[in-house]
Amino acid sequence: MTSSEPSPATRSRPPRGLVGALAVTGLLAIYVWAIAGRGVAMIASGEAVLVAIGVAVLVIPLLVVGLIAREFWLAARVQRMADTLAGAGELPVDDLPRSPGGRIDRDAADAAFAEAQRAVEAEPESWRAWYHLAFAYDAAHDRRRARAALRRASSLFSG
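How each quantity is defined
Residues numbered from 1 in each chain as written. Predicted model: local features only at pLDDT ≥ 70, side-chain atom pairs only at ≥ 80, totals over all residues. Heavy atoms only, no water. Helix = DSSP H or I, 4+ residues; strand = E, 2+ residues; numbered from the N terminus. Core = buried A, V, L, I, M, F, W, Y, C linked by side-chain atoms within 4.5 Å. Buried < 20%, exposed > 50% of the residue type's maximum accessible area, 1.4 Å probe, protein only. Contact = heavy atoms within 4.5 Å. Expected span 1.5 Å × (residues − 1). Salt bridge = Lys/Arg side-chain N within 4 Å of Asp/Glu carboxyl O. pLDDT = per-residue confidence, 0-100.

## Concerning the environment of Ile30
Here is step 1: Relative to the elements of secondary structure, Ile30 occurs in helix α1 (residues 18-44).
Here is step 2: Separated by 76 residues in the primary sequence, Ile30 and Arg106 place their C-alpha atoms 42 Å from one another.

## A word on the nonpolar core
Here is step 1: If you look at the biggest cluster of nonpolar residues, it comprises 22 residues, and the most contacted ones within it are Met81, Trp127, Trp130, Tyr131 and Leu133.
Here is step 2: Of all the elements in the fold, those that place two or more residues in this core are α2 (48-88), α3 (106-122), α4 (127-139) and α5 (143-156).
Here is step 3: Looking at which element gives the most residues to this core, the answer is α4, with 8 residues.
Here is step 4: Not counting chain neighbours up to four residues away, the residues in contact with Tyr131 comprise Val78, Met81, Ala82, Leu85, Leu91, Pro92, Leu150 and Ala153.

## Details of α2
Here is step 1: Between its terminal C-alpha atoms α2 stretches 61 Å, which fits the 60 Å expected from 41 residues at 1.5 Å a residue.
Here is step 2: Those residues of α2 not exposed but buried are Gly54, Val57, Pro61, Val64, Leu74, Arg77, Val78, Met81, Ala82 and Leu85.
Here is step 3: Elements that come into contact with the buried residues of α2 comprise α1, α4 and α5.
Here is step 4: Backbone geometry just downstream of α2 places Gly89 in the positive-phi region, at approximately 70°.

## Describing the pattern of salt bridges
Here is step 1: For the structure on display, the rule yields 7 salt bridges.
Here is step 2: Across the pair Arg128 and Glu90 runs a salt bridge whose closest N-O atoms are separated by 2.7 Å. With Arg128 in helix α4 and Glu90 in the loop between α2 and α3, this pair connects stretches of sequence that are 38 residues apart.
Here is step 3: Between Arg145 and Asp142 there is a salt bridge, and its shortest N-O distance comes to 3.1 Å.
Here is step 4: It is possible to trace a salt-bridge network through shared partners that takes in Glu71, Arg147 and Arg151.

## Quick look at the confidence of the model for the chain
Here is step 1: Averaged over the chain, the pLDDT score is 86; the fraction of residues at 70 or greater is 91%.
Here is step 2: Predicted confidence is poor over residues 1-7, with pLDDT under 50, and the contacts of this stretch with residues over four places away or in other chains come to 5 contacts.

Below, the structure is given as structure tokens:
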């Protein structure tokens, strides 16, 4: 390694999961392109029934693009929130006890969740409290509520 090359410790790596998300997005882009092409072909036929079906088929790609954009926007906001918390030394730490198989101890997860929930009840407009609650939900394996809490944190975040 020369002195002009960054050391392995200083090289930045893409966020975990980004490569997979981009690959899935690429596959969805191919799917959307194929579906949109079929919709346009149906509309171009000029036949009333096919035109109606073609217009309806074009709604699918619009929904897919909108949902993907929404998820990437949320991921970017969550990353900005994480960076803000890391800078303040407030990033959640996964230090819950685990079984030999790697499962989080249920009682410890419940205790961490209760603490995070009390923080949200005390400060319902605090994005930091909602962010921590999201990770408590995740530790309790409640992914749906974890995402909802992250969305709430994101809506309160002004950074």
